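# Observations on the three-dimensional arrangement
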Amino acid sequence: MNSLNIRKDPCDLDFLSLGALVHRLDPGIVPFRKARSFDVHVSGGEYNVAAGLTDCFGLRTGIASAMVKYGIGELVQTRVREAGVVPFYKWFEHDGVRGPNIATVYSDRGQGIRPPVVFYNRANEAGALLKPGDFDWKKIFAGGVRWFHSGGIFAALSTTTSELIIEGMQAAKAAGAINSFDLNYRAKLWASVGGPEKAQQVIRRIVSNVDALIGNEEDLQKGLGIAGPEVTTKSNLDPDTFFLMIEQVVKQHPNIKLVATTLREVHSTNRHDWATVLWLNGERFVSPTCHLDVIDRIGGGDGFAAGLIYGLITGRSPEEALRLGWAHGAFLTTYHGDVTMARLEEVEAFAKGGSARVQR
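In this report, we go over the structure that sits alongside the text.

Reading the values: the criteria
- Residues numbered from 1 in each chain as written.
- Predicted model: local features only at pLDDT ≥ 70, side-chain atom pairs only at ≥ 80, totals over all residues.
- Heavy atoms only, no water.
- Axes fitted to C-alpha atoms, helices over the stretch in contact; angles between N-to-C directions.
- Helix = DSSP H or I, 4+ residues; strand = E, 2+ residues; numbered from the N terminus.
- Parallel < 35°, antiparallel > 145°, perpendicular 65-115°, else oblique.
- Left-handed = near helix turned anticlockwise from the far one by under 90°.
- Contact = heavy atoms within 4.5 Å.
- Core = buried A, V, L, I, M, F, W, Y, C linked by side-chain atoms within 4.5 Å.
- Buried < 20%, exposed > 50% of the residue type's maximum accessible area, 1.4 Å probe, protein only.
- Expected span 1.5 Å × (residues − 1).
- Phe/Tyr/Trp six-rings, centres within 6.5 Å; stacked < 30°, edge-to-face > 60°.
- Polar contact = N/O pair within 3.5 Å; in protein donor to acceptor, adjacent residues only side chain to side chain.
- Pairing = 2+ DSSP bridges.

Contact geometry of helix α1 (residues 45-55) with helix α10 (residues 300-313) gives a least axis separation of 8 Å together with a crossing angle of 45 degrees. Classified by the angle between their axes, α1 and α10 sit oblique to one another. Along this stretch, α1 crosses α10, giving a crossing that reads as right-handed. Mapping the contact onto sequence places G45, N48, V49, G52 and L53 in α1 and D302, A305, A306, I309 and Y310 in α10.

So, in structure tokens, the structure goes:
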């Protein structure tokens with residue numbers, strides 16, 4: 001059993017995310033400068049976890065987000081309904097010309113020696129306009145919520161989104177929910193609102209409300225200012241350095257009971273070695289390492305978070321929960337798009353040591 005004191009009484013929602021919904025334009029392996037067509041994926045770092053927990057793992061989840069009354073908003077709403085995630089929307093009217101908008105993320109998949117390239121159009125984004133007071137947290141939490149989650153991408157959108165995260169976490173804590181935060185440090189986003197110094201100032205305030213923290217070595221260094229190795233040169237799957245950094249995190253933020261991350265060795269865009277680690281109340285857990293043939297790496301970390309949280313909510317041991325996150329994150333890299341297409345049975349089988357042999 002884990003020791004997070006997760007609610008066991010009947011709850012309307014097992015999990016609630018707070019974050020911005022986006023649509024990602026994906027031209028496949030073709031760079032955007034030469035693209036003639038693209039797929040549209042509905043995504044969002046916080047939403048992807050909720051979608052995975054419902055669509056693959058069968059939990060009851062929700063998303064608190066901004067929604068715009070126009071065609072792109074209708075497209076996003078349809079995908080959220082298809083995933084089975086309960087929406088709590090703050091509605092915005094579109095002026096027909098400039099917005100507010102559902103943000104656009106542009107991301108090709110790269111190939112071999114050519115890495116994926118990600119850039120954004122988040123101009124006049126509805127999600128960035130969200131602020132404290134936009135959601136009736138008392139009403140949302142009234143029926144019970146086990147776990148509340150947000151992330152660094154949403155925190156970076158504006159000065160008001162980080163304040164909204166703190167408001168939501170304080171309401172969640174008062175209602176007996178676990179709070180988690182995925183650091184998801186994105187230099188391009190933070191550069192537009194004050195850079196690394198501002199990021200650390202904001203993220204430290206948020207993390208003081210957090211029970212469970214998700215983030216890799218770069219996230220911990222750049223998002224929290226934790227000393228560690230040069231992340232641009234370190235390239236291995238040894239978890240020892242990460243665990244040493246966790247000791248510094250917990251010393252600064254003793255409220256944190258859990259820290260977890262993915263470990264990746266990137267040999268090429270399509271060949272990765274993949275492992276995951278978990279620190280839970282002083283105990284250390286490390287997954288096996290597997291070799292991934294990657295189709296689309298976007299969403300792998302969110303897939304890991306979903307599997308790990310599912311394991312913890314359903315009372316699995318820390319080892320089992322970590323393996324479920326490891327397996328589900330690995331599966332996410334084998335699909336186009338950002339959200340899960342996995343089935344619980346196949347994730348369970350791989351987590352227990354299954355293979356890629358044909359299932360007949």
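There's plenty left to go through after this.
This part takes up the nonpolar core. Among the nonpolar cores identified, the biggest contains 110 residues, and W137, W147, F181 and L213 are the most heavily contacted of them. Looking at this core, the element that brings in the most residues is α10, giving eight residues. When sequence neighbours within four positions are dropped, the list of residues in contact with W147 reads L4, I6, D14, F15, L16, A177, I178, S180, A212, I309, L312 and I313.

Another aspect to go through is helix α7 (residues 195-207). The terminal C-alpha atoms of α7, which comprises 13 residues, lie 18 Å apart, in line with the 18 Å expected from a rise of 1.5 Å per residue. Taken residue by residue, α7 has G195, A199, Q200, V202, I203, I206 and V207 as its buried positions. Tucked into the core, α7 has its buried residues touching α4 (152-155), α5 (159-174), β9 (178-182), α6 (187-191), β10 (212-214) and α8 (217-224).

Turning our attention to the packing of aromatic side chains. Across all of its chains, the model carries 13 aromatic pairs by this definition. With 4.6 Å between their ring centres and 25 degrees between their planes, F57 and Y310 make a pair best called stacked. In this pair, F57 is assigned in the loop between α1 and β4 (61-69) and Y310 in helix α10, connecting sequence segments 253 residues apart. On the basis of relative accessible area, F57 is assigned to the buried category, the value being 5%. Ring geometry for F331 against F350: centres 5.8 Å apart, planes inclined by 75 degrees, an arrangement best described as edge-to-face. Within this pair, whereas F331 is found in helix α11 (residues 318-332), its partner F350 is found in helix α12 (residues 344-351), the two being separated by 19 residues in sequence.

To continue, consider the side chain of R109. Residue placement: R109 occurs in the loop between β6 (103-107) and β7 (118-121). Overall, R109 belongs to the buried group, its relative accessible area being 12%. Separated by 2.9 Å, the side chains of R109 and H336 make a polar contact. Discounting residues that sit within four places of it in the chain, R109 has contacts with D26, G28, D39, H41, P116, T269, I295, D296 and H336.

Right, let's talk about the side chain of T340 for a bit. Here T340 shows up in the loop between α11 and α12. Here the side chain of T340 touches H328 through a polar contact of 2.8 Å, side chain to side chain. Engagement of the side chain of T340 in a polar contact is seen with the backbone nitrogen of A342, the distance being 3.0 Å. Aside from chain neighbours lying at most four places away, what touches T340 is A51, G52, D55, C56, H328 and L332.

Time to look at the sheet that holds β7. Pairing is mixed across the open sheet formed by four strands, whose spatial order is β3-β2-β6-β7. Taken across any chain shown, the strands that pair with only one partner, and hence form the sheet edges, are β3 (39-43) and β7. If you compare each strand with its neighbour and ignore which way they point, the axes differ by 25 degrees on average.

Count 3.6 residues to each turn of an α-helix, and residues three or four apart come out pointing the same way. Counting buried residues in α1 gives ten out of eleven residues, a clear majority hidden from the surface. Within α1, burial applies to G45, E46, Y47, N48, V49, A50, A51, G52, L53 and T54.

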